[in-house]
Amino acid sequence: MSMPQENRFTLADVLEWDETIRAELIEGYPVMMAPPRRIHQRIVSELNRQLANFLKGKKCSVYPAPFAVRLFEKEGDSPYDVDTMVDPDISVVCDSSKLDDIGCKGAPDFIIEILSSSSLRHDRVTKFNLYRQTGVKEYWIVDPNNKTVETYILENGYYVAQERAFEDKTLKVNVLEGCVIDLKDVFGG
């Protein structure tokens, strides 16, 4: 199925698209997503495994992509009102009232994005600013090429860089008390 040729779209449109179309919606404009590389999927799988193991039996839940996050959706909005939907590589949601059959309405507590050559600007600028504006408490950017993770914590409406960790370290998840991620396993060490 080819992409519709309209100028601006809403969640209502996206829900009608073929499920094989990988796209995010930013202020009504689709941003096509390239298929992820194997290393990207391996990193997502390992981060998801470690987070899911830690969160077992706790109130927060972890969701790997594809997972529709409608950052600006408010109570009472219909799919026709929603013009921004992102698909983070990993989302952790601690408020179950934000979850529905489509995904998450509002900001998750913690988001991880894994960089690829096609997503550098989108993840570092566009999504960084969207996540900050909507109150995502912690944001990690994983760089598979350099085997690093940059962590940001939301303080007074701005992201403050916390750490740049390398492949041989463990890394604390600030919004999940007691959660530590082993980067050796993430990067295949």
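Keep in mind it's a predicted model, so treat the numbers as computed, not measured. Note that residues are indexed from 1 along each chain, following the sequence as it is written. Local features are withheld for residues below a pLDDT of 70 in this predicted model, meaning they are given only at 70 or higher, and side-chain atom pairs are given and counted only at 80 or more; totals for whole chains, interfaces and linings count all residues. Just so you know, side-chain values use all the structure's heavy atoms and leave hydrogens and water out.

Caption draft 1: A look at the pairing of strand E9 (residues 148-155). Burial status follows relative accessibility: with a 1.4 Å probe on protein chains alone, a residue under 20% of its type maximum counts as buried, one over 50% as exposed, and anything between as partly exposed. Runs of E in the DSSP output that reach at least two residues are strands. Runs of H or I that reach at least four are helices, and both are numbered from the N terminus. Most of E9 sits out of view: six of its eight residues are buried. Pairing between two strands is assigned when DSSP locates at least 2 bridges connecting them. Pairing of strand E8 (residues 138-143) with E9, which is carried by six bridges, proceeds in the antiparallel orientation. Looking across to E9, one finds that Ile141 is bridged to Glu150. Hairpin connection between E8 and E9: a loop of four residues separates the two successive antiparallel strands, and Lys147 in this loop has a positive phi of roughly 55°.

Caption draft 2: Quick look at the environment of Phe9. For Phe9, the position within the fold is in the segment before helix H1 (11-14). Phe9 gets classed as buried once you look at its relative accessible area, which sits at 3%. Between the alpha carbons of Phe9 and Ser97 there is a distance of 26 Å; along the sequence they are 88 residues apart.

Caption draft 3: Representation of the sheet that holds strand E10 (residues 158-166) within the structure. Taking strand neighbours across the sheet as the criterion, the six strands line up as E3-E5-E7-E8-E9-E10 in an open arrangement whose pairing is mixed. Both edges of this open sheet fall to strand E3 (61-64) and E10, since each of them pairs with a single strand only. When the angles between neighbouring strand axes are averaged without regard to direction, this sheet yields 15°. Pairing of E3 with strand E5 (residues 90-93), which is carried by four bridges, proceeds in the antiparallel orientation. Bridge assignment links Pro64 to a residue of E5, and that residue is Ile90. In the packing of helix H2 (residues 38-55) onto the sheet, the strands contacted are E3, E5, strand E7 (110-114) and E8, and the crossing angle to E3 comes to about 165°. By the convention used here, residues are in contact when the closest approach between their heavy atoms is within 4.5 Å. In this analysis, axes come from line fits to C-alpha atoms, helices being fitted only over the stretch in contact, and the angle between any two N-to-C directions falls in the range 0 to 180 degrees. Seen against the sheet, helix H3 (residues 120-134) touches E7, E8, E9 and E10 and runs at an angle of roughly 165° to E8.

Caption draft 4: Representation of H3 within the structure. A helix is expected to reach a length of 1.5 Å times the quantity of its residues less one. Given a rise of 1.5 Å per residue, 15 residues ought to cover 21 Å, and the 20 Å separating the end C-alpha atoms of H3 matches this to within 8%. A bend of about 35° at Lys127 is the largest found in H3. All of the buried residues along H3 are His122, Asp123, Lys127, Phe128, Leu130, Tyr131 and Thr134. In this structure, the buried residues of H3 make contact with strand E1 (23-26), strand E2 (29-32), E7, E8, E9 and E10. Gly135 lies just past H3 and shows a positive phi near 90°. A residue's bend is the angle separating two fitted axes: one through the seven residues that end there, the other through the seven that start there.

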